Amino acid sequence: MTLAELQSLYEQPFFDLIARGRAVYLEHWNNNEVQLCTLLSIKTGGCSEDCGYCAQSARYSTGVKAERLMESEQIMAAATRARENGSTRFCMGAAWKGVREGDPRFEQVLGAIREVSKLGMEVCVTLGQLSLGEARKLKDAGVTAYNHNIDTSPEYYPQVVTTHTFQDRLNTIEAVQKAGMDVCCGGIIGMGETVTDRLRMLEVLTGLDPAPESVPINCLMSMPGTPMEAQAPVEIFELVRLIAVTRIALPKAKVRLSAGRTRLTREGQALCFFAGANSIFYGDKLLTAKNPGANEDRALLEELDLVPQEPRAACLPGAAAGVC
Ligand code: SAM
Ligand code: DTB
Ligand code: SF4
């Protein structure tokens, strides 16, 4: 979709927009299912990059300690708990610039992925930059989706990060697509960007071929010590509008209401689901930051008559390998 088309969607009367988001959702998805995804930071802090929103950059004093890469056993324990708690997707994140074939830490991550992929959940990783060789290895190990956000518009990106470029992000996404993994790609709102930047971000996402399988919409969690620590919280109706436009523009994508839910009211989140969001991160912690408690989320879903998504048949134990 063009920027002009996205703008005219965004600018229509609020209730017309969210009704259209809901209608598009109902055309493409099972009524009232929400996918629960669990995140695990397998390598926390000490990152070389300078992303202005991130508590894990080594350049800022945020109180996040740099840790070593987690061992497979610990990762498996967390993944098993996630499945028991009803998650159908497990996403492992690492704070570093990217991965290289031959690096022992990459081999260690591949080993952990091979184990986790036996559990019957969708397996997502977010490991920064990679090329086609690494992407193929991840796919062979059992990764179903790779998360790599463009985060904002190409124009605003240099205000957010200087240690890599928007084009670097697109190159990694292309490698992921070529290797045959699903792309999970979205961004953050509330970093000082304009509504036009947000819609430009969606324009880039709608231009990806194939379209992203999932689109995380994060609200900035202003982390003390980062250059964005003083940013004002996102206005709820702006978030709801963006979710509705994302749903309309990318009807088949899982639209994931991601970071920043601790600041949203239950009513605000309900509007996000109505507008077309159909996935959340589930569990008390994101990577380093807080998420609503699992009990709180279960209660919210129940009150809204939303049900956690069932695992895909192709992901259940006993199904053929490599198709989940
Ligand atoms: N290092 C990898 C990378 O940059 O792709 C993966 C981890 S990174 C933390 C994953 C995504 O989390 C970022 O692209 C950003 O969209 C989101 N994120 C990180 N810190 C955030 C914050 N403080 N508030 C909202 N979203 C955040
Ligand atoms: C995404 O878009 N959001 C998640 C996931 N992909 C990896 C991460 C949110 C991180 C929030 C800040 C933190 O926990 O440090
Ligand atoms: Fe590093 Fe990723 Fe954080 Fe950027 S967003 S500083 S690449 S962990």
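Structure report, in brief. Residue positions are given per chain, counted from 1 along the sequence in the order it is written. Labels follow written order: the first chain is A, the first ligand is 1, and so on. In keeping with the model being predicted, local features are shown solely for residues with a pLDDT of at least 70 and side-chain atom pairs are shown and tallied solely at 80 or more, while totals for entire chains, interfaces and linings include all residues. Computation of side-chain values covers all heavy atoms of the structure but excludes hydrogens and water.

**Description of the packing of aromatic side chains**
Turning to step 1, where the next piece is worked out: Two aromatic rings, drawn from Phe, Tyr or Trp (for Trp, its six-membered ring), form a pair once their centres lie within 6.5 Å of each other, and the interplanar angle then sorts them: stacked below 30 degrees, edge-to-face above 60, tilted otherwise. One pass over the structure, following the stated rule, counts three aromatic pairs.
Turning to step 2, where the next piece is worked out: A centroid spacing of 5.4 Å and a plane angle of 80 degrees characterise the contact between F14 and F15, whose relative ring orientation is edge-to-face.
Turning to step 3, where the next piece is worked out: Using a relative accessible area of 15% as the deciding quantity, one classes F14 as buried.
Turning to step 4, where the next piece is worked out: Here the term buried applies to any residue with accessible area under 20% of the maximum for its type, exposed to any over 50%, and partly exposed to those in between, with areas from a 1.4 Å probe on protein chains only. Assessed through its relative accessible area of 62%, F15 is described here as exposed.
Turning to step 5, where the next piece is worked out: Pairing F14 with F237 gives two aromatic rings, centres 5.3 Å apart and planes at 75 degrees, and the pair type is edge-to-face.

**A few points about the site of ligand 2**
Turning to step 1, where the next piece is worked out: When at least one non-hydrogen atom of a residue lies within 4 Å of a molecule or strand, that residue is treated as near it. Within the structure, ligand 2 sits among L39, T126, N147, N149, P216, N218, A259, F281, L286, L287, T288 and A289.
Turning to step 2, where the next piece is worked out: A 3.5 Å cut-off defines polar contacts: any pair of N or O atoms within that distance qualifies, except that in protein one atom must be a possible hydrogen donor and the other a possible acceptor, and neighbouring residues in sequence count only when both atoms are side-chain atoms. Here N149 contributes a side-chain N or O atom positioned 2.8 Å from an oxygen atom of ligand 2.
Turning to step 3, where the next piece is worked out: T288 places a polar side-chain atom, nitrogen or oxygen, 2.6 Å from an oxygen atom of ligand 2.
Turning to step 4, where the next piece is worked out: To measure how exposed things are, a 1.4 Å probe is used in the Shrake-Rupley method; for residues, cover is taken only from the protein chains shown. Surface burial for ligand 2 is 87%, taken as the share of its 410 Å² of free accessible area covered by protein chains.
Turning to step 5, where the next piece is worked out: Gly is put with the polar residues, along with every residue not named as nonpolar or charged; the nonpolar set is Ala, Val, Leu, Ile, Met, Phe, Trp, Tyr, Cys and Pro, and the charged set is Asp, Glu, Lys and Arg. Of the residues that constitute the shell around ligand 2, the class distribution is seven nonpolar, five polar and no charged.

**Points about the pattern of salt bridges**
Turning to step 1, where the next piece is worked out: One side-chain nitrogen of Lys or Arg within 4 Å of one carboxyl oxygen of Asp or Glu is enough to make a salt bridge. One pass over the full model with this rule turns up 14 salt bridges.
Turning to step 2, where the next piece is worked out: Of the charged contacts in the structure, one is a salt bridge between E122 and K254, with a shortest N-O distance of 3.1 Å. Placement of E122 in strand β3 (residues 122-126) and of K254 in strand β8 (residues 254-257) is noted, with a sequence separation of 132 residues between them. Residue E122 shares its accessibility class with K254, and that shared class is buried.
Turning to step 3, where the next piece is worked out: Between K254 and E213 there is a salt bridge, with the nearest N and O atoms lying 2.8 Å from each other. One end of the pair, K254, is in strand β8; the other, E213, is in the loop between α8 (195-207) and β7 (214-219), and 41 residues separate them in sequence. The secondary structure listing takes helices from DSSP runs of H or I that are at least 4 residues long and strands from runs of E that are at least 2 residues long, numbered from the N terminus.

**Considering the pairing of β7**
Turning to step 1, where the next piece is worked out: The buried fraction of β7 amounts to six of the six residues, a majority that puts the element mostly inside the structure.
Turning to step 2, where the next piece is worked out: Judged by which residues are buried, β7 turns out to be covered on both faces: S214, P216 and N218 on one side and V215, I217 and C219 on the other are all buried.
Turning to step 3, where the next piece is worked out: Strand pairing requires that DSSP identify at least two bridges connecting the strands. The sheet contact formed by strand β6 (residues 187-189) and β7 spans three bridges and is parallel. Looking across to β7, one finds that G187 is bridged to I217.

**A short note on helix α10 (residues 266-275)**
Turning to step 1, where the next piece is worked out: Where α10 is concerned, the buried positions are G268, Q269, C272, F273 and A275. Buried residues along α10 cover an arc of 165 degrees about the axis, so they all sit on one side.
Turning to step 2, where the next piece is worked out: Buried positions along α10 lie against α2 (14-28), β1 (33-43), α9 (236-249), β8, β9 (279-281) and α11 (294-303).
Turning to step 3, where the next piece is worked out: G276 lies just past α10 and shows a positive phi near 135 degrees. It is the directions from the helix axis to the C-beta atoms whose arc is reported. Residues are treated as being in contact if the distance between any of their heavy atoms lies within 4.5 Å.

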